[in-house]
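A look at the structure
Residues per chain are reported as follows:
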Amino acid sequence: MMEWMIQQWEPRQDALWMAGNLLVQIAILTGIIYFVYVRFIRKSHAEQLLKGLFIMLMLFVGMWWLANIFHMPMLENIFAASIQILFIGLIVIFQPELRRMLLFLGQGELFGSSATVQSPEESKAEYLIHELTETVRFLSKAKRGALIVLESANSHGGDYLEMGTPLDAKLSTELMLTIFHHNTPLHDGAVLIGPNNRVVAAGVLLPLTEDPKLSWQYGTRHRAAIGLTEMSDSRCIVISEETGSISLVQDGKLEKIANPEEFRKTLARLYEVSMDRTSARKIPLGEKLSGLFTGETMVVPFQKIFQSKTPEQSSSGKPKSGAGH
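Residues numbered from 1 in each chain as written. Predicted model: local features only at pLDDT ≥ 70, side-chain atom pairs only at ≥ 80, totals over all residues. Heavy atoms only, no water.

**Observations concerning the overall build of the protein**
Across its full length, the protein holds ten helices and seven strands. When each of the 325 residues of the protein is scored for burial, the buried share is 33%. Once local pairs closer than 6 in sequence are excluded, the contacts in the protein between residues at least 24 apart make up 58%. Accessible surface for the protein amounts to roughly 20800 Å². Of this, 62% is attributable to carbon and sulfur atoms. (Helix = DSSP H or I, 4+ residues; strand = E, 2+ residues; numbered from the N terminus. Buried < 20%, exposed > 50% of the residue type's maximum accessible area, 1.4 Å probe, protein only. Contact = heavy atoms within 4.5 Å. Areas by Shrake-Rupley, 256 points an atom, 1.4 Å probe, with all protein chains shown as cover.)

**Description of a nonpolar patch on the surface**
Residues Leu 59, Met 63, Trp 64, Trp 65, Leu 66, Ile 69, Phe 70, Met 72, Met 74, Leu 75 and Ile 78 make up a contiguous nonpolar surface patch of roughly 1100 Å² in combined accessible area. Listed by contribution, the elements that provide at least two residues to the nonpolar patch are α2 (45-69) and α3 (73-93). Sort the elements by how many residues they give to the nonpolar patch and α2 lands first, with six residues. By the secondary structure assignment, Met 72 is in the loop between α2 and α3. Residue Met 72 is classed as partly exposed on the basis of its relative accessible area, which comes to 37%. (Patch = residues over 30% accessible without salt bridge, like charges linked within 9 Å, V, L, I, M, F, W, Y side chains within 5 Å. Salt bridge = Lys/Arg side-chain N within 4 Å of Asp/Glu carboxyl O.)

**Structural notes on the pattern of salt bridges**
Using the criterion set out here, one finds four salt bridges in the structure. Between Glu 261 and Arg 264 there is a salt bridge; the shortest N-O distance is 2.2 Å. Pair noted here: Glu 261 and Arg 264 are both in helix α8 (residues 260-270), with a separation of three residues, about one helical turn.

**Quick notes on the sheet that holds strand β3 (residues 190-193)**
Across the sheet, which stays open at both edges, the seven strands sit in the order β2-β4-β3-β1-β5-β6-β7 with mixed pairing between neighbours. Each edge of the open sheet is held by one strand with a lone partner, namely β2 (165-170) and β7 (253-257). When the angles between neighbouring strand axes are averaged without regard to direction, this sheet yields 20°. On top of the sheet, helix α7 (residues 220-231) reaches β1 (146-150), β5 (235-239), β6 (246-250) and β7; it is set at about 175° to β5, its chief contact. (Pairing = 2+ DSSP bridges. Axes fitted to C-alpha atoms, helices over the stretch in contact; angles between N-to-C directions.)

**Here's the deal with the nonpolar core**
Nonpolar side chains tend toward joint burial in soluble globular proteins. Ranked by size, the top nonpolar core spans 28 residues in total, and within it Leu 132 and Ile 193 carry the most contacts. Elements with a minimum of two residues in this core: α5 (120-142), β1, α6 (173-179), β3, β4 (198-204), β5, β6 and α8. If one sorts the elements of this core by residue count, α5 sits on top with seven residues. Beyond its immediate stretch of four places on either side in the chain, Ile 193 contacts Leu 128, Leu 132, Ile 148, Val 149, Leu 150, Glu 151, Leu 171, Met 176, Arg 198 and Val 200. Of all hydrophobic cores here, the second largest spans 15 residues; its members include Leu 147, Leu 192, Ala 224 and Val 238. (Core = buried A, V, L, I, M, F, W, Y, C linked by side-chain atoms within 4.5 Å.)

**A short note on the pairing of β7**
Bridge count for β6 against β7 is five bridges, and the pairing is antiparallel. Paired with Ile 246 across the strands is Ile 257, a residue of β7. Counted between consecutive antiparallel strands, the loop separating β6 from β7 contains two residues, among which Asp 251 sits at a positive phi close to 55°.

**Observations concerning the environment of Asn 21**
Note that Asn 21 resides in helix α1 (residues 2-41). Note on Asn 21: relative accessible area 32%, which makes it partly exposed. Polar side-chain contacts of Asn 21 include one of 2.4 Å to the side chain of Gln 25. (Polar contact = N/O pair within 3.5 Å; in protein donor to acceptor, adjacent residues only side chain to side chain.)

Interpretation in functional terms is not warranted from these geometric data alone.
The following block contains the structure:
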């Protein structure tokens, strides 16, 4: 009896092992295909090409299957060769995607170039801190007034968003400096940045604070920042147009920040990001932005523009007219 049970079990064990082995192979192949699709193909022009190739492949396979059933050897050979040619054509058609994948693997991004593992939230926060620090650095130095709203995941725009211009653009230093340039129609209002590092809208009018104890030294931008943070958990960044001073407003309280480096440290603390990772700066924009805010020629070095002027005088030597905060 025992021998009979062993004889019956062994084939079943072999079958289970083969089935499990097959499932593991299918899972590995599916994972590889999914990774390549998500990382290199999805939301690109290659996605439509892949769909067309898949339909063509299914058509050739169907025709080959029908030719095999009805014993048509000539058509069967033609469609079998077409399927092989189609697979070879994949290399030619998806050459840019294959090149990008090889560059991705060669840069070591697949397994990471450092020992620390970074979560998507930390990566977003680092990007936000860097772009805002560079933006504040140039706006403060050029004394260009700015009001930036950092919305949290729980924030919602409210009625004041209807007064702005929707953008839905990726946050970048270049975009922010363009918006706050004095010749653009959106520079007077606030810029809203969503929790996903997208510039939601620009030229937004915010509600002003009604605090009667607020100092008269604070202008409209500061009052708007305090007013918004009194009714929401958003944070506001204010650059004074008169002094170039930097302020961070949250929970209705205004905090003066000495310089862009201190601003970067403050944001890193608020977003709980390690200073070691945020200390490295990207390529400076000084040479690219020469004369952007002062109206001078683009070939003049950026630092010379500000060294040649004092806060009291403009380039013509006449006293500079006063401006609100």
